[in-house]
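# Structural overview
Each chain, written out:
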Amino acid sequence: MPRIEPRRGIALGALVGVLPLIYGQAAVRPALVMAVTGLIGILIYKWLKGRLLRERPFIRHPGITLAMPPLDRYSFPSGHTLHAVAFSWLTVERFPEFAWVLIPLSGMIAASRVVLGLHYPSDVLAGGAIGAALAMLAQNFL
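Scoring rules and cut-offs
- All residue numbers refer to position in the chain's written sequence, counted from 1.
- Residues qualify for local features only when their pLDDT is at least 70, as the model is predicted, and side-chain atom pairs are given and counted only at 80 or more; totals for whole chains, interfaces and linings, by contrast, use all residues.
- To get the side-chain values, all heavy atoms of the structure are used, and hydrogens and water are removed first.
- Secondary structure is summarised from DSSP: a helix means a run of H or I of at least four residues, a strand means a run of E of at least two, and numbering begins at the N terminus for each.
- For the radius of gyration, the atoms used are the C-alpha atoms, and the globule rule reads 2.2 Å times the number of residues raised to 0.38.
- Buried, partly exposed and exposed residues are distinguished by accessible area as a fraction of the type maximum, computed with a 1.4 Å probe on protein chains only: under 20%, between the cut-offs, and over 50%, respectively.
- Whenever two N or O atoms come within 3.5 Å, that pair is a polar contact, provided that in protein one can donate a hydrogen and the other can accept it, and provided that, for residues adjacent in sequence, both atoms are side-chain atoms.
- Contact definition: two residues touch when any of their heavy atoms are within 4.5 Å.
- The term salt bridge refers to a pairing of a side-chain nitrogen on Lys or Arg with a carboxyl oxygen on Asp or Glu at a separation within 4 Å.
- Side-chain rings of Phe, Tyr and Trp, where Trp is taken by its six-membered ring, are said to pair if the distance between their centres is within 6.5 Å; with planes under 30 degrees apart they count as stacked, over 60 as edge-to-face, and otherwise as tilted.

## Digging into the overall build of the protein chain
Broken down by element type, the protein chain carries 6 helices and 0 strands. When the helices and strands of the protein chain are read in sequence order from the N terminus, they spell out α-α-α-α-α-α. What you see for the protein chain is a C-alpha radius of gyration of 15 Å, in line with the 14 Å of a compact globule of 142 residues. Counting only C-alpha atoms, the protein chain reaches 50 × 30 × 25 Å along its principal axes. Within the span of the protein chain, comprising 142 residues, buried residues form 41% of the whole.

## Here's the deal with the side chain of serine 78
For serine 78, the location among the structural elements is in the loop between helix 3 (57–60) and helix 4 (79–94). The buried category is assigned to serine 78, whose relative accessible area is 0%. At a separation of 2.9 Å, a polar atom in the side chain of serine 78 contacts the side chain of threonine 81. Not counting chain neighbours up to four residues away, the residues in contact with serine 78 comprise Arg113, His119, Asp123, Val124 and Gly127.

## Digging into the pattern of salt bridges
Scanning all chains against the criterion turns up 4 salt bridges. A salt bridge links aspartate 72 to arginine 56; its shortest N-O distance comes to 2.7 Å. Here arginine 56 lies in the loop between helix 2 (28–52) and helix 3 and aspartate 72 lies in the loop between helix 3 and helix 4, a separation of 16 residues in the sequence. Among the ionic contacts, a cluster of salt bridges with common partners joins Lys49, Arg56 and Asp72.

## A look at the packing of aromatic side chains
Enumeration over the complete set of coordinates arrives at 2 aromatic pairs. Aromatic pair tyrosine 23 and phenylalanine 95: ring centres 4.2 Å apart, planes at 20°, arrangement stacked. Of this pair, tyrosine 23 sits in helix 1 (residues 6–23) while phenylalanine 95 sits in the loop between helix 4 and helix 5 (99–115), placing them 72 residues apart in sequence. On the basis of an interplanar angle of 75° and a centroid distance of 6.3 Å, the ring pair of tyrosine 23 and phenylalanine 98 is categorised as edge-to-face. Within this pair, whereas tyrosine 23 is found in helix 1, its partner phenylalanine 98 is found in the loop between helix 4 and helix 5, the two being separated by 75 residues in sequence. Linked through ring pairs, Tyr23, Phe95 and Phe98 together constitute an aromatic cluster.

Okay, here's the thing in structure tokens:
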């Protein structure tokens with residue numbers, strides 16, 4: 001079973017957990033769909049990273065300063081971006097009042113992965129595309 005990174009797991013778990021607290025029964029199914037989507041996202045990005053083995057920018061390019069320690073050695077695709085896009089998409093689909101905070105937050109998460117020296121822009125674009133695809137599939141179960 002893939003290891004769920006604590007930083008990502010706490011933030012996404014909080015989002016999944018808080019929706020039923022705010023909206024009650026109306027948010028239980030969306031929260032479950034988001035949780036399953038998150039687990040599928042972990043499986044996909046871990047599988048891709050394990051097959052593609054693209055080293056992170058700070059490893060390949062000594063001029064890039066690493067701003068924080070990476071969760072693993074490989075960069076493609078960005079799991080943080082994948083999950084930010086998928087969870088934001090699904091939340092906004094069902095609870096559009098969160099769009100004002102989640103859409104900019106997803107953009108900031110994606111940009112931060114490059115700024116921190118952890119991902120190439122293509123890693124972030126691929127993570128976002130996978131997250132969007134997972135969210136579109138998951139919408140059928142909301």
